[in-house]
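Letter by letter, the chains look like this.
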Amino acid sequence: SSGINAEYGEMLHRSNFIALVGGGYQSKFSAKMVRIWDDKEKTFILEFSFDSLIRAIKMRRNRLIVVLTNKIYVFSFPEDPKHLQTIETRSNARGLCELCPSLSNSLMIFPGTRAGSLQLFDVSTAGAAVGATSTPPTINAHRTDLQCIAINHSGGLAATASGKGTLIRVFDLKTRLLVIELRRGTDTATVQSITFNEDSSYLCASSDKGTVHIFAIKNPELNKRLTVANVGYLGRYAGSQWGMTSFTLRSECPCICVFAPPGSTPGTAVRNAVIALCFDGTYHKYVFTADGNCNRESYNVFLDVTQDLEI
């Protein structure tokens, strides 16, 4: 291949299908077009064009989701690819949209029409006739616009970050009730990723401050609370639950974080791990235990950001 400059890419699970959106330096195709690359055949097999910039793409075994600033398009894919439904949304320049990873749950979440609300949609019903008076299921998560959202592996929980980036809330998607409220910090920050681990016992969040916070969800007593000495100074934050542990990357640069599969050795506690991929091209793996111990286990440089690369 002669190379493809892409602004955004999404793989269909671990398959040979990759959705790409143009953009960036000397891009060869439009940022308003999705092209599907078949890595087995080494060729593009499909493309969809739109009238505005594409903000995000999501894929699952039978659906392709394309997120624009004010609309979400749902397509059948990869069998018999066609447009099924268009959903009007609140202005969503961040492209916030998440699909449940489970093959048995086709739930999608995205910002609702009201500021701070989260809308739920079953993509398996896309294109089906819906009554004109039906109201889409919505959670009023925050007072200000959502900054970051996440859905857990089973599709039973969702996490949302407020506009200020200080507060993270976790909701039960069946009852639409608040499960737990977590404090990332007191200073305004841009939350760049929120992730549940596989069994939703932990949640981690990263921000442009370069700090990754890890919270306990199933056993919230593991989370930290403020000491009596700090209550007066922080006022309304006094009753909040803070992370059970955290780590700060040396460069304090933005990153996204994910949980690695847990591991253990005989006679020792289970070690959970968080991997942080940073915008400066570095890889960090931190291991932590339920008592709050957290240490870096590995580090690497996977991309030299000082060089111009063609992907």
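Here we summarise the structure given alongside this text. Just so it is clear, the structure is predicted and the values come from calculations on it, not from any experiment.

**Description of the overall build of the chain**
For the chain, the helix and strand inventory stands at one helix and 25 strands. Classification of the 311 residues of the chain by burial places 46% in the buried group. Within the chain, contacts between residues at least 6 apart in sequence are counted, and of these 41% link residues at least 24 apart. Only carbon and sulfur atoms are counted for the fraction: they give 50% of the accessible area of the chain, which is about 16000 Å².

**Overview of the packing of aromatic side chains**
All chains considered together, the criterion is met by ten aromatic pairs. Taking the centre distance of 6.1 Å and the plane angle of 75 degrees together, the rings of Phe50 and Phe75 count as edge-to-face. Pair noted here: Phe50 is in the loop between strand S4 (43-49) and strand S5 (54-60) and Phe75 is in strand S7 (residues 71-76), with a separation of 25 residues, a long-range link. Each member of the pair, Phe50 as well as Phe75, carries the same accessibility label: buried. Judged by centre distance (6.4 Å) and plane angle (25 degrees), the rings of Tyr73 and Phe75 are stacked. Through successive ring pairs, a cluster of aromatic residues spans Phe48, Phe50, Tyr73 and Phe75. The residue whose ring lies beneath Arg35 is Phe29, and the NZ or CZ to ring-centre distance is 5.2 Å. When the ring centre of Phe44 is taken as origin, the NZ or CZ atom of Arg35, which lies over that ring, is 4.0 Å away.

**Considering the sheet that holds strand S3 (residues 33-38)**
The antiparallel open sheet is built from four strands, whose spatial order is S1-S2-S3-S4. Because the sheet does not close on itself, it has two edges, and the strands there are strand S1 (6-11) and S4. Here the strands of the sheet are splayed against their neighbours by 25 degrees on average, with no regard to which way each runs. Strand direction decides the pairing type here: S1 and strand S2 (residues 17-22), joined by five bridges, are antiparallel. Paired with Ala6 across the two strands is Gly22, which belongs to S2.

**Brief notes about the nonpolar core**
As a rule of thumb, soluble globular proteins bury nonpolar side chains together. Core analysis: the biggest nonpolar cluster contains 18 residues, and Cys204, Val212, Ile214, Phe247, Leu249, Val274 and Phe288 have the highest contact counts within it. Of all the secondary structure elements, the ones that give two or more residues to this core are strand S18 (202-207), strand S19 (211-216), strand S22 (255-263), strand S23 (271-278) and strand S24 (282-288). Ignoring any residue separated from it by four or fewer positions in sequence, one finds Phe247 in contact with Gly210, Thr211, Val212, Ile214, Val274, Ala276, Tyr286 and Cys294.

**Thoughts on the sheet that holds strand S14 (residues 157-161)**
Spatial strand order, S13-S14-S15-S16-S20: five strands in an open sheet with mixed pairing. Each edge of the open sheet carries a strand with a single partner, namely strand S13 (148-151) and strand S20 (241-242).

**Points about the environment of Tyr286**
Tracing the chain through its elements places Tyr286 in strand S24. Here the alpha-carbon distance between Tyr286 and Ser298, two residues twelve residues apart in the chain, equals 7.2 Å. Once residues within four sequence positions are removed from consideration, Tyr286 is found in contact with Phe247, Thr248, Leu249, Asn272, Ala273, Val274, Cys294, Asn295, Arg296 and Glu297.

What counts and how
- Residues numbered from 1 in each chain as written.
- Predicted model: local features only at pLDDT ≥ 70, side-chain atom pairs only at ≥ 80, totals over all residues.
- Heavy atoms only, no water.
- Helix = DSSP H or I, 4+ residues; strand = E, 2+ residues; numbered from the N terminus.
- Buried < 20%, exposed > 50% of the residue type's maximum accessible area, 1.4 Å probe, protein only.
- Contact = heavy atoms within 4.5 Å.
- Areas by Shrake-Rupley, 256 points an atom, 1.4 Å probe, with all protein chains shown as cover.
- Phe/Tyr/Trp six-rings, centres within 6.5 Å; stacked < 30°, edge-to-face > 60°.
- Lys NZ or Arg CZ within 6 Å of the ring centre and 35° of its normal.
- Pairing = 2+ DSSP bridges.
- Axes fitted to C-alpha atoms, helices over the stretch in contact; angles between N-to-C directions.
- Core = buried A, V, L, I, M, F, W, Y, C linked by side-chain atoms within 4.5 Å.

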